[in-house]
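Now for the letters of each chain:
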Amino acid sequence: MDYNDYSIQYIKGVGEKRARLFNKLGIFDVGGLIHFYPRKYIDWNNTVTVKQADSGDIAFIKATMITPVKESLIRKGLTLYKCNFTDGETVIHVTIFNNKYLAKSLRTFDDYVLYGKIEKNFTEARMSSPQIEKADNKPGIQPVYPATENLNSKAISKAVKSALDKIEFFEDTLSDEIKQQYNLCSLDWAIRQIHFPTDLGNVEKARKRLIFDELLTLRLGLIKFKSKKSNKNYYKLKNDFTTEFLKLLPFTPTGAQRKAVGDCAMDMQSDGAMNRLIQGDVGSGKTAVAAAAVYSVIKNGYQSAFMAPTEILARQHYETFLRLFENCSVTVELLTGSTKVKEKREIKQRLAQGEIDLLIGTHAIIQNDVEFADLALVITDEQHRFGVEQRAALAMKGANPHTLVMSATPIPRTLGLIIYGDLDISVLDELPPGRQEIRTDVVNSSYHERIYKFIRKTVDSGHQAYIVCSLVEEGENDLIPATEYAENLSEGAFKGYNLGLLHGKMKPKEKEAVMSAFARGDVDILVSTTVVEVGVDVPNATIMLIENADRFGLSQLHQLRGRVGRGSDQSYCILVSDNKSDSCKERLSVMKNTNDGFKIADYDLQTRGPGDFFGKRQHGLPNLVIADMLKDTETLAICQKCAEQMIADDPNLDKYPQLCRNITKMFKNTDF
């Protein structure tokens with residue numbers, strides 16, 4: 001039996017009752033205890049004199065006790081013990097609260113180390129309830145663990161020591177070659193030093209090794225999961241027609257587009273079914289890449305399906321694919337909830353007979369009565385907006401078809417390895433030639449009249465504008481709700497113009513109607529909350545005004561900005577904020593100075609953490625014990641390289657049995 005599996009209650013000094021307290025901390029077995037790491041350390045060797053410490057400092061003072069303890073009962077249940085110490089220069093008045101055992105153990109003229117907050121003036125110093133240890137028996141470097149009310153750090157430390165004393169040696173998960181290549185210490189040394197370091201400098205070496213192990217285990221687990229998921233390729237394409245399609249395009253594809261198309265072609269001709277993410281900034285040309293894959297599949301005699309999250313987006317994609325396949329003899333149809341009954345019946349009949357090459361639609365295409373003759377490729381746009389069941393239902397329409405996912409949400413590359421661990425990733429990091437960079441300005445609310453004048457002038461010249469605010473109804477803060485703001489504008493600055501209102505509390509059909517009117521040009525100015533973030537393509541919209549821009553994450557601001565600049569005309573993004581803090585100014589200046597979504601995502605990761613990027617998929621990932629997705633992205637990239645190297649040398653990881661056991665343990669409770 002692996003030491004990891006021994007119940008915590010059988011460790012010396014724990015027992016059944018205390019085990020329940022450990023369980024509250026998520027510790028059930030020895031393995032859980034060993035990997036329950038200290039949150040900080042107290043170095044009892046790091047002593048100073050009173051003169052060397054500032055008043056209010058938490059410090060270690062080596063001192064001699066010079067007066068006996070005086071006991072005084074303040075009230076029932078509260079006893080004070082007072083005594084004096086000296087460090088040879090300054091007298092320290094010490095007060096101990098309700099600790100009879102400690103008070104009785106102190107001996108006059110013995111040497112001690114006092115640890116706690118020191119308050120001092122010119123002549124004397126005071127310490128209230130410091131930790132006190134005998135100078136010749138002080139703990140050295142003492143680990144401090146996350147504790148509970150009834151289970152303190154000292155008790156946890158004792159249990160860890162008992163467990164470590166029973167374990168003779170921790171089998172290493174890595175070969176000597178890998179440890180040498182990445183400058184890593186042994187696992188046994190790392191575990192013992194992380195709990196009871198002989199020197200504080202050893203803690204970082206130990207942490208480096210343990211973080212490496214955890215991220216490597218995570219990455220290898222995701223690779224193994226991906227290989228399991230990559231079932232046999234039932235639609236192995238005999239011929240690659242993607243290059244032929246690219247030549248038919250009325251524009252020159254970027255290098256990034258060509259590479260992504262090549263990735264797809266290689267996948268679909270390999271032994272395993274394609275399972276790929278096309279990740280690219282707004283306007284980077286993801287649809288053309290998807291179209292190349294669709295074209296190749298159809299030319300090989302199969303069908304494709306494309307699912308979009310909303311009806312208006314599905315219709316937009318339908319029109320785009322019609323244009324792209326205009327001279328290609330490819331049959332494209334659209335199926336949504338609003339498709340007329342007779343037309344639905346005809347589409348389903350032709351689809352089942354193989355007369356439709358590409359079906360584009362909303363969740364309507366995953367209904368039970370929708371059958372394909374030979375579905376080889378399924379594409380989802382903005383995957384995070386679909387449930388797991390919906391995506392699975394689409395894939396079930398074929399016998400393990402190739403899967404392509406499109407996302408316009410820029411994610412730092414290192415995090416992409418984790419968030420989309422089950423997908424291969426192609427990144428489109430070039431904008432097509434001819435696209436004008438969106439001009440971004442940051443101003444305060446005193447500029448509103450000038451902004452409104454600029455919007456009126458732009459609309460008068462035939463263009464449209466977005467105005468985004470962050471609330472729908474009156475709240476506790478001072479932000480003007482979208483509904484009230486829209487009313488004020490329609491009666492004031494934009495009286496006589498056609499204003500539309502879009503917010504999250506509207507019914508789907510109402511949203512569709514507003515966005516359709518804006519796309520047709522019937523609405524001049526669209527006042528919206530962030531529901532417009534991933535929306536329809538309106539090339540005629542050239543202004544994006546965002547109120548209270550400091551309330552949004554940078555990646556979200558970038559997504560909103562991406563709603564304009566879709567055509568050949570110069571577009572503008574105006575960020576309004578009255579927040580004068582340095583951090584806010586710095587964040588918004590990043591938006592002003594770059595249009596690169598990946599650079600913005602990297603900055604957002606560094607300043608706000610990874611939460612925004614994980615979103616709904618976070619629940620499916622294993623919990624990390626010591627690694628931090630925010631701080632350890634560099635190590636994650638190194639572990640990716642190491643994992644690829646290990647799999648290439650030893651596909652089944654036969655040389656690493658302990659690592660395989662760790663992978664199984666890490667992933668046992670995930671929904672991958």
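Coordinates for the structure precede this section.
Residues numbered from 1 in each chain as written. Predicted model: local features only at pLDDT ≥ 70, side-chain atom pairs only at ≥ 80, totals over all residues. Heavy atoms only, no water.

> I'd like to hear about unusual backbone geometry, residue by residue, with values.
Of note in this structure, N98 is not a glycine but carries a positive phi near 55 degrees. Examined against the element boundaries, N98 turns out to sit in the loop between β6 (91-97) and α3 (100-105). Overall, the relative accessible area of 45% leaves N98 in the partly exposed class. One non-glycine residue, F109, lies in the positive phi region at around 70 degrees. (Helix = DSSP H or I, 4+ residues; strand = E, 2+ residues; numbered from the N terminus. Buried < 20%, exposed > 50% of the residue type's maximum accessible area, 1.4 Å probe, protein only.)

> Give a description of the pattern of salt bridges that names residues and reports values.
Per the stated rule, a full pass over the model turns up 23 salt bridges. Notably, a salt bridge pairs D263 with K259, separated by 3.5 Å at the nearest N-O pair. Pair noted here: D263 and K259 are both in helix α9 (residues 255-268), with a separation of 4 residues, about one helical turn. A salt bridge links R276 to D263; the nearest nitrogen and oxygen atoms lie 3.8 Å apart. In this pair, R276 sits in strand β11 (residues 275-280) while D263 sits in helix α9, placing the two residues 13 residues apart along the sequence. (Salt bridge = Lys/Arg side-chain N within 4 Å of Asp/Glu carboxyl O.)

> Residues and numbers for the sheet that holds strand β18 (residues 439-443), please.
The strands making up a sheet are joined through hydrogen bonds of the backbone, oriented either antiparallel or parallel. Read across the sheet, 6 strands follow the order β18-β23-β22-β19-β21-β20 without closing on themselves; strand pairing throughout is parallel. Edge positions in the sheet fall to β18 and β20 (499-502), since each has one partner strand and no second. The sheet shows a mean angle of 15 degrees between the axes of neighbouring strands, taken without regard to direction. In the sheet, β20 pairs with strand β21 (residues 525-528) via 4 bridges, with the strands oriented parallel. Along β21, the bridge assignment pairs L502 with S528. Where helix α15 (residues 448-460) meets the sheet, its contacts fall on β18, β19 (464-468), β21, β22 (541-546) and β23 (572-576), and the angle it forms with β22 comes to roughly 160 degrees. (Pairing = 2+ DSSP bridges. Axes fitted to C-alpha atoms, helices over the stretch in contact; angles between N-to-C directions. Contact = heavy atoms within 4.5 Å.)

> Tell me about the sheet that holds strand β17 (residues 424-428), residues and numbers included.
Across the sheet, 7 strands lie side by side as β13-β14-β12-β15-β16-β11-β17; this open sheet has parallel pairing. Of all the strands in the sheet, the pair left with one neighbour each is β13 (332-335) and β17. Sheet twist, expressed as the mean angle between neighbouring strand axes with direction ignored, is 20 degrees. Sheet analysis places β11 next to strand β16 (residues 402-407), joined by 5 bridges and oriented parallel. Paired with I278 across the strands is M406, a residue of β16. Contacts from helix α12 (residues 341-352) reach β12 (303-307), β13 and β14 (358-361), with the element oriented near 135 degrees to β13.

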